Amino acid sequence: MVSTNSSGAAPSVVSGNWQTNKRLATMWDRGVKSRPVAMLYGAVVFATDNRKMYRHMASAVALPEGTAVLDIPSGGGVVFLGLRPGRPLRYVAADISELMLDRARAEARRRRLDFVEFEKADATELPFKDEEFDVVVSYSGLHCVPDPEAAVREWSRVLKPGGAVKGSVVVRGASFIPDRFINLWVKLRILDVVTPVDDVRRWFRDAGLRVVRTETSGAVLYFELEKPKDR
């Protein structure tokens, strides 16, 4: 018998879809990088203003030189929109999907971001040392992970004390229309575990991450977290 997660999907089905479905990966990546498309999609599907997403991502990577950043899952490199060539950062873009990593590599080349490193990685079992990064960024990916609680624990493990996590996740309970779309995307194996906001906040607390700030915009929760120095 195959075990299932709270969405009812087999644990590997959704991540497998993102790894093998080139059409899905391409459409999502192109859409999220096109502001007009992203604005329309966000407003219709998730009742959100995606200008918040672009602003939040830009602030997440406005960092001092020498900062070590993990972008997980990086997707096709949408957070690269806030990066500039020649930045003295260690920036690791990690994703379980080689399709997405190929698109991220192409995006980095196009933007001349030669400092970006790439790593194929499962968000729930990161191939990095404890306390390796100063910052973890995770935008629009946690809801595609079969065990998001494990992914959040991994953020905490690889983060240095005093380090920050910034990102976003789709949540249930915003209103009728977004919840209907969420149900459809789960059925189509595009999203995996999508829960109400309170469950997500509990994942953060249980992983030992302090909530600095959260903001909801429609069915999207934006978060800023910190790993306490005295853990």
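Residues numbered from 1 in each chain as written. Predicted model: local features only at pLDDT ≥ 70, side-chain atom pairs only at ≥ 80, totals over all residues. Heavy atoms only, no water.

(A) Focus on the environment of Arg105. Along the polypeptide, Arg105 turns up in helix α5 (residues 98–110). With relative accessibility at 26%, the residue Arg105 sits in the partly exposed group. C-alpha of Arg105 to C-alpha of Val116: the two residues are 11 residues apart in sequence and 8.5 Å apart in space. Leaving out residues up to four positions away in the same chain, Arg105 has contacts with Glu98 and Phe118. For Arg105, the side chain forms a polar contact with the side chain of Glu98, separated by 2.9 Å. (Helix = DSSP H or I, 4+ residues; strand = E, 2+ residues; numbered from the N terminus. Buried < 20%, exposed > 50% of the residue type's maximum accessible area, 1.4 Å probe, protein only. Contact = heavy atoms within 4.5 Å. Polar contact = N/O pair within 3.5 Å; in protein donor to acceptor, adjacent residues only side chain to side chain.)

(B) Summary view of the pattern of salt bridges. Applying the stated criterion across every chain yields a total of 20 salt bridges. A salt bridge links Asp29 to Arg103, with the nearest nitrogen and oxygen atoms 2.5 Å apart. Of this pair, Asp29 sits in helix α2 (residues 22–33) while Arg103 sits in helix α5, placing them 74 residues apart in sequence. Among the residues examined, Arg103 registers a relative accessible area of 25% and is labelled partly exposed. Asp134 is the partner of Lys160 in a salt bridge, and the nearest nitrogen-oxygen pair spans 3.3 Å. Of the two residues, Lys160 sits in strand β5 (residues 159–170) while Asp134 sits in strand β4 (residues 133–139), which places them 26 residues apart along the sequence. The partly exposed category is assigned to Asp134, whose relative accessible area is 24%. (Salt bridge = Lys/Arg side-chain N within 4 Å of Asp/Glu carboxyl O.)

(C) Structural context of the packing of aromatic side chains. Considering all chains together, one arrives at 9 aromatic pairs under this definition. Consider the rings of Trp18 and Trp28, whose centres lie 6.5 Å apart with planes at 80°: the pair is edge-to-face. Of the two residues, Trp18 sits in helix α1 (residues 13–20) while Trp28 sits in helix α2, which places them 10 residues apart along the sequence. The partly exposed category is assigned to Trp28, whose relative accessible area is 29%. Measuring from ring centre to ring centre gives 5.0 Å for Phe204 and Phe223, while their planes differ by 55°; the resulting arrangement is tilted. (Phe/Tyr/Trp six-rings, centres within 6.5 Å; stacked < 30°, edge-to-face > 60°.)

(D) Region of the structure containing the sheet that holds β4. Pairing is mixed across the open sheet formed by 7 strands, whose spatial order is β3-β2-β1-β4-β5-β7-β6. Edge positions in the sheet fall to β3 (116–120) and β6 (210–217), since each of these pairs with one other strand and no more. Strand-to-strand twist of the sheet, defined as the mean angle between neighbouring strand axes without regard to direction, takes the value 15°. Here 7 bridges tie β5 to strand β7 (residues 220–226), and the two strands are oriented antiparallel to one another. If you follow Ala164 over to β7, its bridge partner there is Glu226. This element, helix α6 (residues 148–158), spans β1 (68–71), β4, β5 and β7 of the sheet and lies at about 150° to β5. (Pairing = 2+ DSSP bridges. Axes fitted to C-alpha atoms, helices over the stretch in contact; angles between N-to-C directions.)

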